[in-house]
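Listed here are the chains, written in short residue letters.
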Amino acid sequence: MTTGLLTVIDMQRVFADPDSPWATPRFAEAAAGVRRLLPAFGDRVTFTRFVAPESPKGAWRAYYEQWPFALQSQDAQLWQLTDEFAPRARHVLDATTFGKWTPELARRVAPEGPLVLAGVSTDCCVLSTALAAADAGVEVLVVADACAGADDDSHAEALHVLDLYRPLIRVTTVAEVVEETA
């Protein structure tokens with residue numbers, strides 16, 4: 001098993017539900033990639049959840065004016081991990097921000113890294129987390145086929161931007177990560 005930490009970003013109902021305003025069209029494909037990654041990391045997995053703040057502040061006020069449906073308590077169904085992942089999530093990190101690079105996540109990453117990212121959406125929360133972790137000096141691997149974006153073009157564009165940050169950030173595949181951890 002790898003010494004790195006797999007962080008599964010926001011595999012929540014709000015992104016899985018096709019009727020949600022925040023539906024991620026290829027959520028099921030990202031979930032399939034995550035399923036293939038989990039055994040390689042054992043207990044070195046953190047799941048994250050994007051949740052609404054009790055009271056938005058600053059620019060977040062305008063954001064939630066655009067998305068008022070999302071101002072629900074952190075226990076609301078839309079914020080729950082999907083039924084597939086909820087029972088597997090031994091460690092869950094909640095954040096009211098797109099980026100999940102928090103002090104708590106930083107403590108969970110082994111000094112030798114890497115931080116392996118999968119989940120949704122590539123063009124928002126995955127991107128925000130990867131850039132902040134790389135700025136902190138952590139090696140980041142983004143698993144392209146275990147991520148999904150708001151749409152195919154946004155996913156591809158985000159992966160392109162992330163790959164520009166080599167060697168701090170490396171875009172990879174499930175097969176490559178599993179092979180490296182074998």
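Structure: above.
For clarity, every value in this text was computed on a predicted model and none was experimentally measured.

Within the protein, the secondary structure is distributed over seven helices and six strands. Secondary structure elements of the protein, listed N to C terminal, follow the sequence β-α-α-β-α-β-α-β-α-β-α-β-α. The C-alpha atoms of the protein give 15 Å as radius of gyration, which agrees with the globular expectation for 182 residues (16 Å, within 12%). Counting only C-alpha atoms and orienting by the principal axes, one finds that the protein spans roughly 45 × 30 × 30 Å. Counting across all 182 residues of the protein, residues that qualify as buried make up 50%. Of all intrachain contacts in the protein linking residues separated by at least 6 positions in sequence, the fraction that spans at least 24 positions is 77%. Approximately 8,700 Å² of the protein is accessible, and the part contributed by carbon and sulfur atoms is 53%.

One pass over the full model with this rule turns up 16 aromatic pairs. Ring centres of Phe47 and Phe85 lie 5.8 Å apart, and the angle between their planes is 40 degrees; this geometry places the pair in the tilted category. Note that Phe47 is positioned in strand 2 (residues 45-50) and Phe85 in the loop between helix 3 (59-66) and strand 3 (92-95), a separation of 38 residues in sequence. Of the residues examined, Phe85 reaches a relative accessible area of 0% and is grouped as buried. Each member of the aromatic cluster is reached from another via a ring pair, and the members are Phe15, Trp22, Phe50, Trp60, Tyr63, Tyr64, Trp67, Phe69, Trp79 and Phe98.

This part covers the pairing of strand 6 (residues 169-172). In this sheet, strand 6 lies alongside strand 5 (residues 140-148) in parallel orientation, the contact comprising four bridges. Across the sheet, residue Val142 finds its bridge partner in strand 6, namely Val171. Following the backbone out of strand 5, through helix 6 (residues 152-163) and into the adjacent parallel strand 6, one traces a crossover that is right-handed.

Let us look at unusual backbone geometry. Cis geometry is found at the peptide bond from Val120 to Ser121, where omega equals -15 degrees. Going from Arg166 to Pro167, the amide bond is cis rather than trans, its omega being 5 degrees. With respect to the helices and strands, the residue Pro167 is situated in the loop between helix 6 and strand 6. Residues other than glycine seldom take positive phi values, yet Asp10 does so here, at roughly 55 degrees. Relative to the elements of secondary structure, Asp10 occurs in the loop between strand 1 (5-9) and helix 1 (13-16).

For the rest of this paragraph, the subject is the pattern of salt bridges. If you walk through the whole model with that rule in mind, you get eight salt bridges. For the salt bridge of Arg13 with Asp83, the shortest nitrogen-to-oxygen distance reads 2.5 Å. Taken together, the residues Arg13 in helix 1 and Asp83 in the loop between helix 3 and strand 3 connect sequence positions 70 residues apart. Overall, Asp83 belongs to the exposed group, its relative accessible area being 58%. Between Asp152 and Arg26 there is a salt bridge, with the nearest N and O atoms lying 2.6 Å from each other. Placement of Asp152 in helix 6 and of Arg26 in the loop between helix 1 and helix 2 (27-41) is noted, with a sequence separation of 126 residues between them.

The subject of this paragraph is the environment of Ala182. Locating Ala182 in the fold gives a position in the segment after helix 7 (174-181). Overall, Ala182 belongs to the exposed group, its relative accessible area being 90%. Considering only alpha carbons, one finds Ala182 and Asp10, 172 residues apart in sequence, at a separation of 26 Å.

Glancing now at the packing of helix 5 (residues 122-135) against helix 6. Two numbers describe a pair of packed helices, the interaxial angle and the distance between the axes. In the contact formed by helix 5 and helix 6, the axes pass within 9 Å of each other and the chain directions differ by 15 degrees. Viewed along their axes, helix 5 and helix 6 adopt a mutual orientation that is roughly parallel. Handedness of the crossing formed by helix 5 with helix 6: right-handed. The residues of helix 6 that touch helix 5, namely those facing Thr122, Asp123, Leu127 and Ala130, are Ser154, His155, Ala158, Leu159, Val161 and Leu162.

Criteria and thresholds
- Residues numbered from 1 in each chain as written.
- Predicted model: local features only at pLDDT ≥ 70, side-chain atom pairs only at ≥ 80, totals over all residues.
- Heavy atoms only, no water.
- Helix = DSSP H or I, 4+ residues; strand = E, 2+ residues; numbered from the N terminus.
- Rg over C-alpha atoms; globule rule 2.2 N^0.38 Å.
- Buried < 20%, exposed > 50% of the residue type's maximum accessible area, 1.4 Å probe, protein only.
- Contact = heavy atoms within 4.5 Å.
- Areas by Shrake-Rupley, 256 points an atom, 1.4 Å probe, with all protein chains shown as cover.
- Phe/Tyr/Trp six-rings, centres within 6.5 Å; stacked < 30°, edge-to-face > 60°.
- Pairing = 2+ DSSP bridges.
- Right-handed = clockwise from strand over helix to strand, strands pointing away.
- Salt bridge = Lys/Arg side-chain N within 4 Å of Asp/Glu carboxyl O.
- Axes fitted to C-alpha atoms, helices over the stretch in contact; angles between N-to-C directions.
- Parallel < 35°, antiparallel > 145°, perpendicular 65-115°, else oblique.
- Left-handed = near helix turned anticlockwise from the far one by under 90°.

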